[in-house]
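Listed below, chain by chain, are the residues.
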Amino acid sequence: MNQPADPVTATPAGLPAVPAAPADRVPVLAWLIGATFAATQLALSGRYGFQQDELYFIAAGHHLAFGYVDQPPLVPLLTRVTDLLGVSPTTVRIIPALAGGAVVVMAARLAALFGAGRFGRVLAALAMACAPVALGAVHIGNTTPLDLLAWATVLLCVSTALLRDRPRWWLGAGAAAGLGLQDNNLMVMLLIGLALGLLVSPQARILRTRWPWLGAGLAAVIWVPNIGWQATHGWPQLAMASALHQQNTSVADYLGGLPAQLIYPGLLMAPLVIAGYVLLWRTPELRFIAVTVTFVLVYVLAWVPGKAYYTDGTLPAVLAAGALAAERWIARGRRPGWRRGLILALPLVGLVTLPTLLPVLPASDVHRLPASSQRSTLGDTIGWPQLTRAIAAQDAALARAGQRPTAIFTGYYGEAAALDVLGRAGQLPPVLSGHNAYWMWGPGRASDRTVLAVDALVMLRPYFASCRLLATYHAPAQVQNDWTDIQIAVCTRPSAGWPALWPHLRHYG
């Protein structure tokens with residue numbers, strides 16, 4: 001639709017107007033919130049250490065391809081680029097921090113498109129910057145930060161095209177969708193949701209024009225290399241999706257999936273989230289977003305409830321709508337100053353949870369946090385150098401005893417990547433794993449004569465005549481993360497060579 005002369009005061013009948021703001025401009029304060037968000041992430045980026053996904057993507061960056069078993073190629077490629085600045089947690093987190101700051105600003109821009117005034121635009125940015133899922137997710141250099149950015153960009157471009165009658169923005173949406181598909185295949189769910197939303201909304205007529213189809217074609221062209229790789233490698237992403245479904249559909253996952261939709265944005269911001277969702281449904285021009293949000297929510301809750309954060313790409317739009325709803329609520333009241341202060345307090349008070357999301361405490365104090373925080377991405381950033389040294393020590397001890405390992409086999413990609421990235425200078429034997437992309441990279445020319453088994457004793461024991469436990473690694477500082485109590489063993493006298501054993505060692509997840 002065409003942009004009204006006063007996009008802010010042109011509200012649906014019966015609803016109070018909110019203070020006007022110039023056009024769709026993002027206020028300076030919202031830009032400052034986004035910059036502060038990014039700067040805070042960068043300032044804390046080196047406090048603990050790598051997370052396993054970051055190590056994995058660094059390793060994948062040395063096996064560049066148009067695709068991998070568990071993700072498209074964009075993040076490994078970008079990680080290879082940031083390697084030029086040095087291999088450190090800070091370098092792999094530069095792009096995620098900037099992406100997070102951009103998403104904060106985009107939330108304000110969406111609020112402007114929806115009709116919010118200056119306060120609502122600033123509130124949308126503040127709510128996004130304080131959302132626990134945003135704070136924790138963009139601290140780690142994996143696919144999630146770019147996924148959030150791609151989703152926010154697609155929603156922003158489509159909203160601009162429709163609400164401001166700027167059809168060329170469909171090309172921006174297509175480019176963002178294509179790059180998003182090269183980051184994470186979850187983008188498919190957003191695109192299906194948008195298509196359904198447009199079909200049942202007043203904007204359905206736009207589908208009779210060429211612009212949405214040009215955008216879709218651009219996205220497809222960008223995505224083609226990854227699709228080609230998947231097709232020529234037996235579509236491993238489908239097996240990966242099935243594995244994720246099986247691993248994230250317990251009774252506890254289903255029971256906790258819906259509550260998590262209010263916890264991840266911040267429990268105190270639940271009124272803002274609910275109000276935004278309702279407003280999207282009540283406003284005909286925005287209903288296509290409501291349908292999109294609902295479709296993604298139903299997909300996640302039905303298929304992978306244990307990955308409840310998969311819905312959070314729609315959060316900037318929901319919070320932007322919630323900010324507009326908050327402005328209208330303030331305008332209806334007799335004490336607007338009091339209401340404004342209350343609304344601003346909701347995201348700010350939620351920052352008390354910051355030590356459970358970001359490395360603000362000394363690493364030695366992390367064990368005092370709740371168990372759920374220790375077994376999270378935050379806790380998983382502690383201990384990888386120590387694990388690498390523990391494995392190297394066992395390798396050296398076996399060498400001194402005349403039983404030098406000819407290969408190291410790990411149960412999971414995190415352990416293998418840690419050895420590949422952090423153990424380079426230790427001259428360790430070849431590192432192998434049957435997990436995800438490591439299985440596809442194969443055993444190479446590694447010998448199977450004497451294998452140091454890391455978190456893989458159960459996997460290897462059926463195929464070796466002798467396996468004995470050497471040590472059990474415990475994470476430092478009493479942290480009870482997902483990478484502690486790891487058994488380190490040695491296995492000898494294999495029943496067959498790696499080529500024969502390899503098909504039996506594959507597992508995805």
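The following paragraphs examine the structure supplied in this document. None of the values given here were measured: they were computed from a predicted structure. (Residues numbered from 1 in each chain as written. Predicted model: local features only at pLDDT ≥ 70, side-chain atom pairs only at ≥ 80, totals over all residues. Heavy atoms only, no water.)

Quick look at the layout of surface pockets
Where empty space is left in the structure can be found by rolling a water-sized probe over the atoms.
Reasoning step 1: Taken as a whole, the second largest pocket holds about 460 Å³ of empty space.
Reasoning step 2: Among the residues making up the lining of the second largest pocket, the classes are represented as 20 nonpolar, 2 polar and no charged. (1 Å grid on protein atoms, 1.4 Å probe; cavity = no way out; pocket = protein on both sides within 12 Å on 5 of 7 lines; lining within 4 Å. Points joined across faces, edges and corners; volume = space filled by probe spheres on them. Nonpolar A, V, L, I, M, F, W, Y, C, P; charged D, E, K, R; others polar.)

A closer look at helix H12 (residues 236–247)
Reasoning step 1: Along its 12 residues, H12 runs 17 Å from first to last C-alpha, staying within 8% of the 16 Å computed at 1.5 Å per residue.
Reasoning step 2: Every buried residue of H12 is accounted for by Pro236, Gln237, Met240, Ala243 and Leu244. The buried residues of H12 occupy an angular sector of 115° when projected down its axis, which confines them to one face. In this structure, H12 carries Leu238 and Gln246 as exposed residues pointing more than 90 degrees from its buried face.
Reasoning step 3: Each element contacted by the buried residues of H12 is listed here: helix H11 (211–232) and helix H21 (437–441). (Helix = DSSP H or I, 4+ residues; strand = E, 2+ residues; numbered from the N terminus. Expected span 1.5 Å × (residues − 1). Buried < 20%, exposed > 50% of the residue type's maximum accessible area, 1.4 Å probe, protein only. Arc of directions from axis to C-beta. Contact = heavy atoms within 4.5 Å.)

Thoughts on the side chain of Gln182
Reasoning step 1: Residue position: Gln182 is located in the loop between helix H9 (169–181) and helix H10 (187–199).
Reasoning step 2: If near-sequence neighbours (up to four positions away) are discounted, Gln182 is found in contact with Pro72, Pro73, Leu74, Ile222, Trp223, Pro225 and Asn226.

Points about the packing of helix H19 (residues 384–400) against helix H20 (residues 413–422)
When two helices pack together, their arrangement is given by the angle between the helix axes and the distance between those axes.
Reasoning step 1: Relative orientation of the contacting elements H19 and H20 amounts to 80°, with a least axis distance of 9 Å. Accordingly, the angle class assigned to the pair H19 and H20 is roughly perpendicular. Residues Trp384, Pro385, Leu387, Thr388 and Ile391 of H19 form the contact with H20, whose participating residues are Gly414, Glu415, Ala418, Leu419 and Leu422.
Reasoning step 2: A per-class count over the contact of H19 with H20 returns 7 nonpolar, 2 polar and 1 charged. (Axes fitted to C-alpha atoms, helices over the stretch in contact; angles between N-to-C directions. Parallel < 35°, antiparallel > 145°, perpendicular 65-115°, else oblique.)

A short note on the state of the cysteines
Reasoning step 1: In the structure shown here, the tally under the stated rule is 1 disulfide.
Reasoning step 2: At a sulfur-sulfur separation of 2.2 Å, the disulfide partner of Cys467 is Cys491. Its S-S torsion of approximately 115° makes the covalent link between Cys467 and Cys491 right-handed. Taken together, the positions of Cys467 in strand E4 (residues 464–473) and Cys491 in strand E5 (residues 486–494) put the pair 24 residues apart, joining distant regions of the chain. Taken individually, Cys467 and Cys491 each receive the classification buried, so the pair is uniform in this respect. (Disulfide = S-S within 2.5 Å.)

Brief notes about the packing of helix H2 (residues 52–60) against helix H3 (residues 74–82)
Reasoning step 1: Two elements in contact, H2 and H3, have axes whose closest approach is 8 Å; the angle formed by their N-to-C orientations is 80°. Relative to H3, the element H2 is oriented roughly perpendicular. Side by side, H2 and H3 meet where Phe57, Ile58 and Ala60 of the first sit next to Val75, Pro76 and Thr79 of the second.
Reasoning step 2: Grouping the amino acids of the contact of H2 with H3 by side-chain chemistry returns 5 nonpolar, 1 polar and no charged.

What about the sheet that holds E5?
Reasoning step 1: If you trace the 5 strands from one edge of the open sheet to the other, you get E2-E1-E3-E5-E4, paired in mixed fashion. The sheet is open, and its two borders are formed by strand E2 (431–433) and E4, each paired with just one other strand. Pairs of neighbouring strands in the sheet enclose a mean axial angle of 25°, with direction left out of account.
Reasoning step 2: In this sheet, E2 lies alongside strand E1 (residues 407–410) in parallel orientation, the contact comprising 3 bridges. Bridge pairing in E2 places Thr410 opposite Ser433.
Reasoning step 3: H19 contacts E1, strand E3 (450–454), E4 and E5 of the sheet and is inclined by roughly 130° relative to E4.
Reasoning step 4: Sheet strands touched by H20: E1, E2, E3 and E5. Its angle to E2, the strand with the most contacts, is close to 165°. (Pairing = 2+ DSSP bridges.)

Overview of the pairing of E5
Reasoning step 1: As judged from the 5 bridges shared by E3 and E5, these two strands associate in the antiparallel manner. Bridging from a neighbouring strand, Thr450 pairs with Thr492 of E5.
Reasoning step 2: As judged from the 8 bridges shared by E4 and E5, these two strands associate in the antiparallel manner. Each bridged residue has a counterpart across the sheet, and for Ala471 the counterpart in E5 is Ile488.

Focus on the packing of aromatic side chains
Reasoning step 1: Within this structure, the stated rule accounts for 12 aromatic pairs.
Reasoning step 2: Both rings, one in Tyr309 and one in Tyr310, keep their centres 5.2 Å apart while their planes meet at 85°; by these two values the pair is edge-to-face.
Reasoning step 3: Taking the relative accessible area as the measure of exposure, Tyr310 reaches 18% and is therefore buried.
Reasoning step 4: Here the aromatic cluster, defined as three or more aromatic residues joined through ring pairs, consists of Tyr56, Phe57, Tyr413, Tyr438 and Trp441.
Reasoning step 5: Directly above the ring of Trp329 sits Arg339, whose terminal nitrogen or CZ lies 4.2 Å from the centroid. (Phe/Tyr/Trp six-rings, centres within 6.5 Å; stacked < 30°, edge-to-face > 60°. Lys NZ or Arg CZ within 6 Å of the ring centre and 35° of its normal.)

Read these as layout, nothing more, since geometry by itself doesn't imply function.
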